[in-house]
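Report on the structure
Here are the chains, one letter per residue:
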Amino acid sequence: MIVAKRKPFDDVKNMIKDYKRVLTVGCGTCVAVCLAGGEKEVDVLNAELDMARKLDDNPVELSACTVERQCDREYMESLDEIVEKNEALLSMACGAGIQFLAERYPHIPVFPAVDTTFIGVNQDVGWYEERCRACGECVLDMTGGICPVSMCAKGLHNGPCGGTNNGSCEINAEQPCAWYLIHERLSKQGRLNSIMDVVPARDWRNQTPGTVIQPGYTKKSE
Amino acid sequence: MELKSGSNLEKVLRNGHFAFTGELGPPRGVDVEEVKKKAAFLKGNVDSVNITDNQTAVVRMSSWAASIIAIQEGLEPNYQMVCRDRNRLAMQSDILGAYAHGVRNMLCLSGDHAQFGDHPQAMGVFDIDSMQLIQMTKKMRDEGKFLGGAELEGSLEMFIGAAANPFAEPFEWRVHRLGKKISAGVDFIQTQCIYNMERFREWISQANDMGLTEKAYILAGVTPMKSVGMAKYMKAKVPGMDVPDDLIKRLQGAEKGKVAEEGIKIACEQIEEFKELKGVAGVHLMAIEWEHKVPEIAERAKVLPRPVF
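Note that the structure is a prediction, hence the values are computed from the model and not measured.

The rules behind these values
Residues numbered from 1 in each chain as written. Chains lettered and ligands numbered in written order. Predicted model: local features only at pLDDT ≥ 70, side-chain atom pairs only at ≥ 80, totals over all residues. Helix = DSSP H or I, 4+ residues; strand = E, 2+ residues; numbered from the N terminus. Rg over C-alpha atoms; globule rule 2.2 N^0.38 Å. Buried ≥ 20, exposed ≤ 12 C-beta atoms within 10 Å, placed from the backbone. Contact = placed C-beta atoms within 7 Å. Expected span 1.5 Å × (residues − 1). Arc of directions from axis to C-beta. Pairing = 2+ DSSP bridges. Axes fitted to C-alpha atoms, helices over the stretch in contact; angles between N-to-C directions. pLDDT = per-residue confidence, 0-100. Nonpolar A, V, L, I, M, F, W, Y, C, P; charged D, E, K, R; others polar. Parallel < 35°, antiparallel > 145°, perpendicular 65-115°, else oblique. Left-handed = near helix turned anticlockwise from the far one by under 90°.

Observations concerning the overall build of chain A
- What chain A contains, in helices and strands, is eight helices and nine strands.
- Computed over the C-alpha atoms, the radius of gyration of chain A is 22 Å, more than 25% above the 17 Å expected from 2.2 N^0.38 for a compact globule of 222 residues.
- Along the first, second and third principal axes, the C-alpha set of chain A runs to 65 × 45 × 25 Å.
- By the burial criterion, 35% of the 222 residues in chain A qualify as buried.
- Taking contacts inside chain A between residues at least 6 apart in sequence as the whole, the part at least 24 apart equals 54%.

Quick word on the overall build of chain B
- Looking only at helices and strands, chain B features eleven helices and eight strands.
- Relative to the globule expectation of 19 Å for 309 residues, the C-alpha radius of gyration of chain B, 19 Å, shows essentially globular dimensions.
- Principal-axis analysis of the C-alpha atoms places the extent of chain B at approximately 60 × 45 × 40 Å.
- A burial count over chain B gives 50% of its 309 residues as buried.
- Looking at chain B alone, contacts between residues at least 24 apart form 78% of all its contacts between residues at least 6 apart.

Description of helix α3 (residues 39-55) of chain A
Residues and elements named next belong to chain A.
- When the terminal C-alpha atoms of α3 are compared, their 25 Å separation across 17 residues agrees well with the 24 Å that a helix rising 1.5 Å per residue should span.
- Those residues of α3 lying buried are Glu 41, Val 42, Leu 45 and Leu 49. Along the axis of α3, the buried residues cluster in a sector spanning 100°; they form a single face. Away from the buried face of α3 by more than 90 degrees, exposed residues Lys 40, Val 44, Ala 47, Met 51, Lys 54 and Leu 55 are located.
- Looking at the buried positions of α3, the neighbouring elements they touch are β1 (2-6), α1 (9-15), β2 (21-27) and β3 (61-67).
- Backbone geometry just after α3 places Asp 57 at a positive phi near 60°.

Concerning the sheet that holds strand β6 (residues 114-124) of chain A
All names here are of chain A.
- Across the sheet, which stays open at both edges, the three strands sit in the order β1-β6-β7 with antiparallel pairing between neighbours. Only two strands of the sheet have a single partner each, and these edge strands are β1 and β7 (127-132). Sheet twist, expressed as the average angle between the axes of neighbouring strands with direction ignored, equals 70°.
- Direction of pairing for β6 relative to β7: antiparallel, over a ladder of five bridges. Residue pairing across strands places Gly 120 opposite Glu 130, the latter belonging to β7.

Concerning the confidence of the model for chain B
- When pLDDT is averaged across chain B, the result is 97; 100% of the residues are at 70 or more.
- Across the whole predicted complex the pTM is 0.95, and at the interface the ipTM reaches 0.94.

Considering helix α2 (residues 32-42) of chain B
Residues and elements named next belong to chain B.
- When α2 is considered as a whole, its buried residues turn out to be Val 35, Lys 38, Ala 39, Phe 41 and Leu 42. Within α2, the buried residues cover an arc of 155° as seen down the axis, which keeps them to one side.
- Considering only its buried residues, α2 is in contact with β1 (19-24), β2 (48-51), α3 (63-72) and α11 (294-300).
- One or two positions beyond α2, positive phi appears at Gly 44, with a value near 85°.

Some words on the interface of chain A and chain B
- Taken together, the contacts link 23 residues of chain A with 28 residues of chain B.
- Considered class by class, the residues forming the side of chain A that touches chain B number eleven nonpolar, ten polar and two charged.

Quick look at the sheet that holds strand β6 (residues 188-193) of chain B
Residue and element names in this part refer to chain B.
- Spatially, the eight strands close up into a barrel ordered β1-β2-β3-β4-β5-β6-β7-β8, and their pairing is parallel. On average, each strand axis in the sheet is inclined to that of its neighbour by 30°, with strand direction left out of account.
- With four bridges connecting them, strand β4 (residues 105-109) and strand β5 (residues 159-164) associate as parallel partners. In the strand pairing of β5, Leu 107 is matched with Gly 161.
- Here helix α5 (residues 130-143) sits on the sheet in contact with β3 (77-82), β4 and β5, set at roughly 150° to β4.

As for the pairing of β2(A)
Residues and elements named next belong to chain A.
- Burial within β2 is extensive, with six of its seven residues counted as buried.
- As judged from the seven bridges shared by β2 and β3, these two strands associate in the parallel manner. Note that in β3 the partner of Val 22 across the bridge is Leu 62.

Quick word on the packing of helix α6 (residues 171-184) of chain B against helix α7 (residues 197-209) of chain B
Residue and element names in this part refer to chain B.
- It is at 10 Å that the axes of α6 and α7 come closest, and there the two elements cross at 50°. As summarised for this structure, α6 and α7 are arranged oblique, according to the angle between their axes. Judged by the sense of rotation from one axis to the other, the crossing of α6 with α7 is right-handed. Each of Arg 174, Val 175 and Leu 178 in α6 lies in contact with α7, whose residues at this interface are Trp 203, Gln 206 and Ala 207.
- A class-by-class count of the residues in the contact of α6 with α7 yields four nonpolar, one polar and one charged.

Laid out in structure tokens, this is it:
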């Protein structure tokens, strides 16, 4: 899932300080699962904002609405009516959801209430770890299912580097060395051959905006 | 004899001499005199001198600029380049520029993570890694092409090197990683500082068995210990460094005020052994902020005079 965390309260409060009617929009998918921007978090944020603005003698009329997915047009329609009654929107979705909301209502300011961090896994309640950086060229076949792009601090494709430290990364003893783990796993599977050859320089063109059209579908605007 | 670069270091190695290289860290500012002062201690005592590239991720004068100063001072630079600070375009243009100014040796490195340095907020570039930097430089030299495939005008004759760490876990992978660097195209290797001689002997013997020492020249890394504190710090804090307790004990056993002398003695003993060790083609002396000791160490390790071509 996409993992996000709420921005510092004062930052959020500051973004909407000049608006008197604000709608906070949650998202019921990834950010709800990682406890950052679902229905519950929307209510908590609104309660905090409400109280803080009263204390500042600058009251605000806050409403709340959480849609199933802020990244899907189908679910956004339900917002149309309520959005028009507000001066600004506060989105608790991931960066994609926030932008999709802003794109749908270009005449209304949209502010982010969360920082989108990574694509990760749920280790335990409230504990998430990064596993993927959506690089667009998956090498997990070669690396025994351990990602060198997101798990190696240098994103090396021919690791480990000289800084590997008894299984830890040079940046931090708590951070495992991805290439140490890759070697260990492939060795146990008898597949060390898959990292014997030099991996050539890769294609980082994923830094330009991507579009995916699945087989059998077409880009409807064309 | 057909040379790949015609560098002094290449000639020394190709003629079967035991190579002796040094290191010079560029200044944290614009003080050219500091570079000249360090260079004076190295001149005539080493075959080539590594010019470090923002080592430990701390901003310093660029390694190509300090390499040019080294050339002006009569030293042959071994231009270090890390993958942390620039992408493939900047790297290739820097290689061209350095070559145009007379640089003929290059050392391809990943680079310490920015977190260690004076700009921990910096974005680590790592567009390519050290292995791919070797491949790219070799392609520029041997095929006359840039990584992107376009033709390079003129010929770039570079002696290509890389580092190797014979110690870090997983130990059994170490020799294979050396093998990968050799198949990527290195001509020479300079190892991490060696303190655990037993492990190094094992590693070089594996490299001999795999035929790797016939495909590239291996220079053994030596850094004399200045103090017990330095030895303990390296053991505890420097990732990838293997400092045996026996060595620390030996330094502790030195007379008061004689620890540095004992450190130099140990380094000279190591160099004597490397001269005889099959598969070792030379020594890379990293006398960190101790350049003024290089003439004495070279003398005592009996590596002088250096061959002249």
